[in-house]
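Structural description and commentary
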Amino acid sequence: MAFALLLSAMLCGVLLSSAPARAAELLMFEQDGCPFCRKFDEEIAPDYPKSRIGQIAPLRRVNIFEDRRGGIEGLMPAVFTPTFVLIGDDGQEIGRLEGYPGQKWFYPEVEALMEGRELPAGGAPDRTATPVER
């Protein structure tokens, strides 16, 4: 009986350690004057905290001129605004969206990142992003 419990505990530990990281937050790299950031603010931001995804991965905004890595060492720097980076509970990047795909595609694309799958063919046709300018 003790052996079975020990074996179960070891197996459980192996399964948990190999499980993919869960989302902890969604970083949004933005800059003043970005029209696509403004569009996101109009279409998505008001309801994001109440959405299923917003409950799992709260939005944290980062001014791209202040920090291109969102305070996360080793994160590939953001280049365009908006750039959305899904961060796991282990502090590692799960995936990113460069540009705002519009209201129709934002949630499906973030869902795809969360599930670790490729975006479906025919996904967001035109992502819109603003290059960072000084």
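Quick notes on the rules
- Residues numbered from 1 in each chain as written.
- Predicted model: local features only at pLDDT ≥ 70, side-chain atom pairs only at ≥ 80, totals over all residues.
- Heavy atoms only, no water.
- Helix = DSSP H or I, 4+ residues; strand = E, 2+ residues; numbered from the N terminus.
- Buried < 20%, exposed > 50% of the residue type's maximum accessible area, 1.4 Å probe, protein only.
- Contact = heavy atoms within 4.5 Å.
- Areas by Shrake-Rupley, 256 points an atom, 1.4 Å probe, with all protein chains shown as cover.
- Pairing = 2+ DSSP bridges.
- Axes fitted to C-alpha atoms, helices over the stretch in contact; angles between N-to-C directions.
- Phe/Tyr/Trp six-rings, centres within 6.5 Å; stacked < 30°, edge-to-face > 60°.
- Salt bridge = Lys/Arg side-chain N within 4 Å of Asp/Glu carboxyl O.
- Core = buried A, V, L, I, M, F, W, Y, C linked by side-chain atoms within 4.5 Å.

Examining the overall build of the chain
For the chain, the helix and strand inventory stands at four helices and six strands. When the helices and strands of the chain are read in sequence order from the N terminus, they spell out α-β-α-α-β-β-β-β-α-β. Here the chain holds 134 residues, and 36% of them are scored as buried. Taking the intrachain contacts of the chain between residues at least 6 apart in sequence as the baseline, contacts between residues at least 24 apart amount to 63%. A total of about 8200 Å² of accessible surface is found on the chain, and carbon and sulfur atoms cover 57% of it.

Re the sheet that holds strand E4 (residues 83-88)
In space, the four strands of this open sheet follow the order E2-E1-E4-E5, with mixed pairing throughout. In this open sheet, the two strands that pair with only one neighbour each are strand E2 (59-63) and strand E5 (93-98). Between one strand and the next, the sheet's axes are offset by a mean angle of 20°, whatever the strand orientation. Here five bridges tie E4 to E5, and the two strands are oriented antiparallel to one another. Of the residues in E5, the one forming a bridge with Ile-87 is Glu-93. Taken strand by strand, helix H4 (residues 103-115) contacts strand E1 (23-30), E4 and E5, and its axis lies near 155° from that of E5.

Some details on the pairing of E1
Summarising burial for E1: seven of the eight residues are buried, a large majority. The pairing of E1 with E4 spans six bridges and is classified as antiparallel. Bridged to Leu-27 within E4 is Val-85. Across five bridges, the pairing between E1 and E2 is parallel. Paired with Leu-27 across the two strands is Arg-60, which belongs to E2.

Overview of the packing of aromatic side chains
Applying the stated criterion across every chain, the model contains eight aromatic pairs. Ring geometry for Phe-40 and Phe-106: centres 5.3 Å apart, planes at 65°, overall edge-to-face. Here Phe-106 lies in helix H4 and Phe-40 lies in helix H2 (residues 35-43), a separation of 66 residues in the sequence. Of the two residues, Phe-40 and Phe-106, both sit in the buried class.

Focus: the pattern of salt bridges
Scanning all chains against the criterion turns up seven salt bridges. Across the pair Asp-41 and Arg-61 runs a salt bridge, and its minimum N-O distance is 2.5 Å. Of this pair, Asp-41 sits in helix H2 while Arg-61 is found in strand E2, placing the two residues 20 residues apart along the sequence. Note on Arg-61: relative accessible area 35%, which makes it partly exposed. For the salt bridge of Arg-52 with Glu-111, the shortest nitrogen-to-oxygen distance reads 2.5 Å. Of this pair, Arg-52 sits in helix H3 (residues 52-56) while Glu-111 sits in helix H4, placing them 59 residues apart in sequence.

Details of the nonpolar core
Ranked by internal contacts, the top residues of the largest apolar core, which has 18 residues, are Leu-26, Phe-40, Tyr-48, Phe-84 and Phe-106. Breaking this core down by element, the ones donating at least two residues are E1, H2, E4 and H4. If near-sequence neighbours (up to four positions away) are discounted, Leu-26 is found in contact with Tyr-48, Ala-57, Pro-58, Leu-59, Arg-60, Phe-84, Val-85, Leu-86 and Phe-106. With nine residues, the next largest nonpolar core counts Leu-27, Val-62, Ala-78 and Val-85 among its residues.

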